[in-house]
Amino acid sequence: MSDKGSTYLDKILAAKRAELAAPRATRSGALTDRELLELGARLPRPRDFIGALREGPRPGIIAEFKRASPSAGVLREGADARQIAMLYAANGAACMSVLCDKHFQGSLDDLRSVRQSVALPLLCKDFILEKTQIVEAKRVGADCVLLIVAALPVPQLRNLIEFSHSLEMQVLCETRDEAEIDRAMAAGGKLIGVNSRDLQTFELDPDRAAKLRKYVPSSFTYVAESGVRTIDDALRLRDSGADALLIGSYFMTAEQPGETLRELVMAL
Ligand SMILES: O=C(O)c1ccccc1NCC(=O)[C@H](O)[C@H](O)COP(=O)(O)O
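Residues numbered from 1 in each chain as written. Predicted model: local features only at pLDDT ≥ 70, side-chain atom pairs only at ≥ 80, totals over all residues. Heavy atoms only, no water.

## Points about helix H12 (residues 257-267)
Here is step 1: All of the buried residues along H12 are Pro 257, Gly 258, Thr 260, Leu 261 and Leu 264. In an axial view of H12, the angular spread of the buried residues amounts to 165 degrees, which keeps them on one side of the axis. (Buried < 20%, exposed > 50% of the residue type's maximum accessible area, 1.4 Å probe, protein only. Helix = DSSP H or I, 4+ residues; strand = E, 2+ residues; numbered from the N terminus. Arc of directions from axis to C-beta.)

## A word on the site of the ligand
Here is step 1: Within the structure, the ligand sits among 20 residues, and Glu 64, Lys 66, Ser 71, Ser 226 and Ser 249 are positioned closest to it.
Here is step 2: Measuring from an oxygen atom of the ligand, one finds a side-chain N or O atom of Ser 71 at 2.5 Å.
Here is step 3: When the ligand sits alone it has 520 Å² of accessible area, and the protein chains cover 99% of it.
Here is step 4: Grouping the amino acids of the shell around the ligand by side-chain chemistry returns 7 nonpolar, 7 polar and 6 charged. (Near = heavy atom within 4 Å. Polar contact = N/O pair within 3.5 Å; in protein donor to acceptor, adjacent residues only side chain to side chain. Areas by Shrake-Rupley, 256 points an atom, 1.4 Å probe, with all protein chains shown as cover. Nonpolar A, V, L, I, M, F, W, Y, C, P; charged D, E, K, R; others polar.)

## So, the pattern of salt bridges
Here is step 1: Applying the stated rule across the entire model yields 19 salt bridges.
Here is step 2: Between Glu 174 and Lys 125 there is a salt bridge whose closest N-O contact spans 3.7 Å. Of this pair, Glu 174 sits in strand S7 (residues 170-175) while Lys 125 is found in strand S5 (residues 122-125), placing the two residues 49 residues apart along the sequence. Like Glu 174, the residue Lys 125 is buried in the burial classification.
Here is step 3: Close ionic contact of Asp 243 with Arg 213 constitutes a salt bridge, the shortest N to O distance being 3.6 Å. Residue Asp 243 is found in the loop between helix H10 (231-239) and strand S10 (244-247), and its partner Arg 213 is found in the loop between helix H9 (208-212) and strand S9 (221-225); the two are separated by 30 residues along the sequence. (Salt bridge = Lys/Arg side-chain N within 4 Å of Asp/Glu carboxyl O.)

## A closer look at the sheet that holds strand S8 (residues 191-195)
Here is step 1: Strand order around the closed barrel formed by 8 strands is S1-S4-S5-S6-S7-S8-S9-S10, with parallel pairing between neighbours. Put simply, the sheet's adjacent strands are angled 25 degrees from each other on average, direction ignored.
Here is step 2: As paired strands, S9 and S10 are joined by 3 bridges and run parallel to one another. Bridging from a neighbouring strand, Ala 224 pairs with Leu 245 of S10.
Here is step 3: Against the sheet, helix H7 (residues 154-166) contacts strand S6 (144-148) and S7, and its axis sits at roughly 155 degrees relative to S7. (Pairing = 2+ DSSP bridges. Axes fitted to C-alpha atoms, helices over the stretch in contact; angles between N-to-C directions. Contact = heavy atoms within 4.5 Å.)

## Notes on the environment of Val 145
Here is step 1: Secondary-structure assignment places Val 145 in strand S6.
Here is step 2: For Val 145, a relative accessible area of 0% translates into the label buried.
Here is step 3: With 123 residues separating them in the primary sequence, Val 145 and Leu 268 have C-alpha atoms 26 Å apart.
Here is step 4: When residues no more than four places from it in sequence are discounted, the contact partners of Val 145 are Leu 123, Cys 124, Ile 128, Ile 134, Ala 137, Ser 164, Met 169, Gln 170, Val 171 and Leu 172.

## Here's the deal with the packing of aromatic side chains
Here is step 1: Under the defined criterion, the tally for this structure stands at 4 aromatic pairs.
Here is step 2: Measuring from centroid to centroid gives 6.1 Å for Phe 104 and Phe 127, while their planes differ by 20 degrees, and the two rings are stacked. Taken as a pair, Phe 104 in the loop between strand S4 (95-99) and helix H5 (108-117) and Phe 127 in the loop between S5 and helix H6 (131-139) lie far apart in primary sequence, 23 residues in all.
Here is step 3: Classification of Phe 104 as buried rests on a relative accessible area of 10%.
Here is step 4: For the pair Tyr 250 and Phe 251, a centre-to-centre distance of 5.6 Å together with 45 degrees between the ring planes defines the contact as tilted. Like Phe 251, Tyr 250 is buried.
Here is step 5: Grouped by ring-pair contacts, the aromatic residues Tyr 88, Tyr 250 and Phe 251 constitute a single cluster. (Phe/Tyr/Trp six-rings, centres within 6.5 Å; stacked < 30°, edge-to-face > 60°.)

Quick look at the structure:
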C-alpha cells in the first residue's frame, strides 16, 4: 500500500513486522513451531481470564494500563505500572489489560511488573502477528492475548487462536463489524471484543459495541472496548448486554484512578 493510502493501523503493523524481523528480536524468535509449543507449554499455567469476567458481577471491568495513545498522546506522565495495577486490583477490576506496544509507550516489561504486583488475570494488549509473541507474552505473565481480526488473514487467525489455546491461554478477538465477528467465532474465538474506536481514523462510535451485541450468542463472552468516558457510557453498555467493558483512558487520566474505578463498579 502506498504511504498516502496507508492508515495508522497499517503503520503500527509495519513497525511490528520490522521489530519481529530484527535479529533476535525476541528470545524465542528463532525457534520452530514445535519448539515454541514445547517452550510455551513449560511456562506456568495461565489464570482463567474469561472465568473472572463471567463469575463476578457483570459487566466485569478490564482496567487497562495505558501510558499514552496515538490518538490522545501521553495519558499519565511517569505512570507506574505496579502502582496502577495495585489500585485496579484493590478497587474492583475483574481483569487487567496492559498495552505493550511502543506506539503507546508500553513494553512487555510493564506486563512483567504488573504480574509481579497483582494476581488479576492479565491481557497482553499488543499487535500480535506471530506465535513467538504469544510465547513471550506468556513468559512475562499474560493469561490472555489480543488478536485483531482486521490485522490477520483467517488461516493465521485460526492458527494463532489454536496455538494460544494449546498453551491454555485465552484470546480476545477484536472486531469492528458483523463480518469480523463471524470470522472471529468461526476461527475458534470465545471472547469477542468490539472496539468502538476505528483503528484507521481513531474516531469513536459510542454506539458500535451496543449495536453489534446481537450478533454474538450468549455462549461467547462479549467485551465492549474503548470510549467509556463517563459512568453513563458504562451504564449504556451494561444495558446493551455487554459481559465486560475494557476501559483505559478514563482511568489513566483520572486524578484518582482507584476511586474512579470504584465509583464505576459501584454504579454498575
Ligand atoms: O487508543 C488509541 O488511540 C488506539 C489507536 C490505534 C490502535 C489502538 C488504539 N487503542 C487500543 C485500544 O483499543 C484501547 O486502548 C482500549 O480499548 C481502551 O480504550 P480507551 O478506554 O478508549 O482508552
